[in-house]
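Residue-level structural notes
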Amino acid sequence: FAPFVPRFNGRPVQLNGYFQGTETENVIALSLDKRELAMRIVFHEYTHLAISGAARGLPAWVNEGLAEYYSTFQMREDGRGAISGRVIPAHLQLLAERSMLTIDELLAVERDSPLYNEGDRRSVFYAQSWALVHMLVSDAARSKDFSRYMQLAAEGMPARDAWREAFGTFNAVEQLQEYVRRETGG
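Below: a short report on this structure. Quantities reported herein were computed from a predicted structural model and do not represent experimental measurements.

Cut-offs and rules
Residues numbered from 1 in each chain as written. Predicted model: local features only at pLDDT ≥ 70, side-chain atom pairs only at ≥ 80, totals over all residues. Heavy atoms only, no water. Pairing = 2+ DSSP bridges. Helix = DSSP H or I, 4+ residues; strand = E, 2+ residues; numbered from the N terminus. Salt bridge = Lys/Arg side-chain N within 4 Å of Asp/Glu carboxyl O. Buried < 20%, exposed > 50% of the residue type's maximum accessible area, 1.4 Å probe, protein only. Phe/Tyr/Trp six-rings, centres within 6.5 Å; stacked < 30°, edge-to-face > 60°.

1. A word on the pairing of strand β3 (residues 17-21)
Sheet analysis places β3 next to strand β4 (residues 26-30), joined by five bridges and oriented antiparallel. Counterpart to tyrosine 18 in the pairing with β4 is alanine 29. Between the end of β3 and the start of β4, which pair antiparallel, lie four residues.

2. Here's the deal with the pattern of salt bridges
Two side chains carrying opposite charge are able to pair once their charged atoms lie near each other. Inspection of the entire model under this criterion finds seven salt bridges. Among the salt bridges present, the one from arginine 160 reaches aspartate 104, with a minimum N-O distance of 3.3 Å. With arginine 160 in helix α8 (residues 159-167) and aspartate 104 in helix α4 (residues 103-108), the pair connects residues that are 56 residues apart, well separated along the chain. Residue classification places arginine 160 among the partly exposed positions, given a relative accessible area of 36%. Given a relative accessible area of 37%, aspartate 104 falls into the partly exposed group.

3. Description of the packing of aromatic side chains
All chains considered together, the criterion is met by 13 aromatic pairs. Aromatic pair tryptophan 61 and tyrosine 149: ring centres 5.7 Å apart, planes at 40°, arrangement tilted. Taken together, the positions of tryptophan 61 in helix α2 (residues 60-70) and tyrosine 149 in helix α7 (residues 140-154) put the pair 88 residues apart, joining distant regions of the chain. A residue is classified by how much of its surface remains accessible, and tryptophan 61, at 0% relative accessible area, is buried. Ring geometry for tyrosine 116 and tyrosine 126: centres 6.2 Å apart, planes at 40°, overall tilted.

Printed below as a string of structure tokens:
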């Protein structure tokens, strides 16, 4: 896996898998060092493939948040359906222990940003992106706003402008901190 890992500032990015799509092929690469995470990695990366075919230009936090949300995909025991969007305890624990990004910091992250590529900072970005998506899709009113945000962003509106248009003055970080406390029992 090491020879294929993307680089940031000349150093390998610490990751367990990635998706690379081109006009002629799509590749999901993953490390087998953490076999227990293999299916989550596959579903995470497959979500990137689905997103790239449906809505190009989504902000990095949406892309990664949705990929983490769907990484929890699991068939039901009876084989008559599946469950996705389960809680990721490690993400909740990290967010309970660390400072969250401001909404402006989260919206500004691009694929070439340090927050997207550097170890610990990357972990907070992924966890917060997942938690925000999880919170927004779990709330009927906010899920409509989230759909509107994704539509505006996919149409090319800058992430901050799309956020203001879709969510107005919604204090997402405050609500997210409350959501994490509730989910962790803290």
